[in-house]
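An overview of the molecular structure
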Amino acid sequence: MAAGAELDLSDLHGSLADPLLSAMNFLNEVAGRYPEALSLAAGTPYEGFYDVEDVHRALRAYCAHLRDKRGFDERRVRRRLLQYGRTKGIIHDLIAQYLSVDEGIDVDPESIVLTTGCQEALLLTMRALRRDERDVLLAVNPVYVGVTGAARLLDMPVHPVDGGADGIDLADLRRRIHRARAAGLRPRACYLVPDFANPTGLRLSLASRHALLELADREDILLLEDNPYGLFPLGEGRLPTLKSLDAGRRVVHLGSLSKSVFPGVRIGFAVADQQVLQADGDRFLLADVLAKAKSMVTVNTAPLSQAVAGGWLVEHGCSLVRATHDVRKVYQRNLRRLVDGLAVRFPAPSHVTWNTPEGGFFVVVDVPFEATDAALEYSAATHGVLWTPLHHFYDGRPALRSLRLSISGLEADEVDDALDRFAAFVHAYRRSSAA
Ligand SMILES: Cc1ncc(COP(=O)(O)O)c(C=O)c1O
């Protein structure tokens, strides 16, 4: 039999040979090889409340909503769920209600584009902003690898902005904008996760949010606000989203239902209410431009998935705060347990230090050795515990003496067990790397 076509990786798009694009697979692959290991690595949501029956119930709730509230007959219900659909999505009205109820964001539903996860919303937004080789994205570092990876696919350079202690160093952002402009580049937008960022867990203060919006206005850039973790503060207090404070339409708000419904539904969205001016003077919403790109990527987001997400929203009065009541308690309990457990296992003064986020899934730990991929392998093989080397969140940086711990996938007693294993790993690895 003929050997068949053979392609050379170096003949394919350059991003595909970039180690950055292998980061997620590498981390999943390590986890796959050590199935018995406890995971302080996974950022996947808690599964304890998952029930397939809920999917059927949500689907029925959405159909009932279409019949009872929208006056659809059976033929229209069937078509809505089973046919190709509107490119911008079919549950934009319900997402707009959620945004108003939970996030203080009041926008025309027409400015919302439903996407296949937030990841597609990110990709479409970057695609639109990358006109030519002068266009660059700024991103608060360390940054979620999905952003830098998607940017690579689009040949969009990402310029890092220092996160500082507060979640964004505004002086550095200003400096980076000016430096890029001086080099003949166009910084189009700054990407950030204002609430409990991945991987730092940091949350921007209210004052920083206002100052960032002012700076964006002054410097004429957009802000890409990614918000998967905002529903999970440690206490009751949530801070207003950038979009809810955005009088000047500087913010493209990117949402994900992966952590509030479940990731398998693959529903995200972009709120893009910016005006786009055409040469003949006509104006569009940026959402319409994103939809034009989307029509050539995924045509439309799976209506069945949208229907499940729509039913979920309908069942909870369009409040994801309400829908996540129980799981929020799990995350709060686990995060407290992790931070308290670190203090017990590494009493001050210690070579091991960490930050104390006000919510979300993640804590950054500084350790007295390089947290390399090899150290992770050793930790998994010898101590049965997984964590994430922080260097994966820095584009092209070699190993750092920092790592990310995540609390989202564990039961409460597993947090303690995982921390015992982690402490044993740290002590053993420190000794062996000092030797
Ligand atoms: C900061 C951030 N943005 C986006 C995503 C991807 O979201 P989605 O599952 O909706 O594509 C993740 C996933 O972990 C994330 O951490």
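Residues numbered from 1 in each chain as written. Predicted model: local features only at pLDDT ≥ 70, side-chain atom pairs only at ≥ 80, totals over all residues. Heavy atoms only, no water.

Surrounding the ligand, one finds 14 residues, the nearest of these being C118, D226, Y229, S256 and S258. At 2.5 Å from a nitrogen atom of the ligand is found a side-chain nitrogen or oxygen belonging to D226. At a separation of 2.9 Å, an oxygen atom of the ligand approaches a polar side-chain atom of R266. Contact with the protein chains hides 91% of the accessible area of the ligand, taken as 400 Å² for the molecule alone. (Near = heavy atom within 4 Å. Polar contact = N/O pair within 3.5 Å; in protein donor to acceptor, adjacent residues only side chain to side chain. Areas by Shrake-Rupley, 256 points an atom, 1.4 Å probe, with all protein chains shown as cover.)

Here we take up the layout of surface pockets. Of the voids in this model, the largest pocket is the one considered here, and its volume is about 930 Å³. Around the largest pocket, the lining is made up of 39 residues, and of these M24, G43, T44, Y144 and R404 lie nearest the centre. Only α1 (23-33) and α5 (117-129) provide two or more residues apiece to the lining of the largest pocket. Element by element, the count of residues in the lining of the largest pocket is highest for α1, at six residues. For the lining of the largest pocket, a count of residues per class yields 24 nonpolar, 11 polar and four charged. Residue contributions to the lining of the largest pocket reach at least three from each of two domains, namely domain 1 (12-41 + 324-434) and domain 2 (55-322). (1 Å grid on protein atoms, 1.4 Å probe; cavity = no way out; pocket = protein on both sides within 12 Å on 5 of 7 lines; lining within 4 Å. Points joined across faces, edges and corners; volume = space filled by probe spheres on them. Helix = DSSP H or I, 4+ residues; strand = E, 2+ residues; numbered from the N terminus. Nonpolar A, V, L, I, M, F, W, Y, C, P; charged D, E, K, R; others polar. Domains from an automatic or database assignment.)

Moving on, we get to the pairing of strand β3 (residues 135-141). In terms of residue burial, β3 counts as a mostly covered element, since seven of its seven residues are buried. Burial of β3 is two-sided: the residues D135, L137, A139 and N141 facing one way and the residues V136, L138 and V140 facing the other way are all buried. Regarding topology, helix α6 (residues 145-153) serves as the crossover connection from β3 to the parallel strand β4 (residues 158-162), and that connection is right-handed. (Buried < 20%, exposed > 50% of the residue type's maximum accessible area, 1.4 Å probe, protein only. Right-handed = clockwise from strand over helix to strand, strands pointing away.)

Attention now moves to unusual backbone geometry. For the bond running from N141 to P142, omega is -10°, close enough to zero to count as cis. Cis geometry is found at the peptide bond from A348 to P349, where omega equals -5°. When you line up the elements, P349 lands in the loop between α12 (325-345) and β11 (353-354). One non-glycine residue, V299, lies in positive phi territory at about 65°. With respect to the helices and strands, V299 occurs in the loop between α9 (286-294) and α10 (303-315). The partly exposed category is assigned to V299, whose relative accessible area is 40%. The phi dihedral of C318 is positive, around 60°, even though this residue is not glycine. Within the secondary structure, C318 sits in the loop between α10 and α11 (320-323).

Moving on, we come to the sheet that holds β4. Spatially, seven strands are ordered β2-β8-β7-β6-β5-β3-β4 in an open sheet, and the strand pairing comes out mixed. Each of the sheet's edge strands pairs with one partner strand only, and the pair in question is β2 (112-116) and β4. Each neighbouring strand pair of the sheet contributes to a mean axis angle of 25°, computed without reference to strand direction. In terms of strand pairing, strand β6 (residues 222-226) meets strand β7 (residues 251-256) through four bridges, oriented parallel. Along β7, the bridge assignment pairs L224 with V252. Together, β2, β7 and β8 (267-271) form the strand contacts of helix α4 (residues 92-103), whose direction differs from that of β2 by roughly 105°. (Pairing = 2+ DSSP bridges. Axes fitted to C-alpha atoms, helices over the stretch in contact; angles between N-to-C directions. Contact = heavy atoms within 4.5 Å.)

Our next topic: the domain arrangement of the protein. When its domains are assigned, the protein resolves into domain 1 (12-41 + 324-434) and domain 2 (55-322). Here the C-alpha centroids of domain 1 and domain 2 sit 28 Å apart. Taken together, the contact pairs 31 residues of domain 1 with 31 residues of domain 2. Where domain 1 abuts domain 2, roughly 2700 Å² becomes buried across the two surfaces, and 58% of that area is made up of carbon and sulfur atoms. (Buried area = accessible area lost by both parts, 1.4 Å probe.)

Here we come to helix α14 (residues 412-434). When the terminal C-alpha atoms of α14 are compared, their 33 Å separation across 23 residues agrees well with the 33 Å that a helix rising 1.5 Å per residue should span. Among all positions of α14, only A412, V415, A418, L419, F422, A423, F425, V426, A428 and Y429 are buried. Close packing links the buried residues of α14 with β1 (38-39), α12, β12 (362-366), α13 (373-383), β13 (385-386) and β15 (402-406). (Expected span 1.5 Å × (residues − 1).)

On the basis of which strands lie adjacent, the open sheet formed by four strands has the order β11-β12-β15-β14 and antiparallel pairing. Looking along the sheet, the strands with just one partner apiece sit at the ends: β11 and β14 (388-389). With two bridges connecting them, β14 and β15 associate as antiparallel partners. Directly across from P389, in β15, lies its bridge partner L403.

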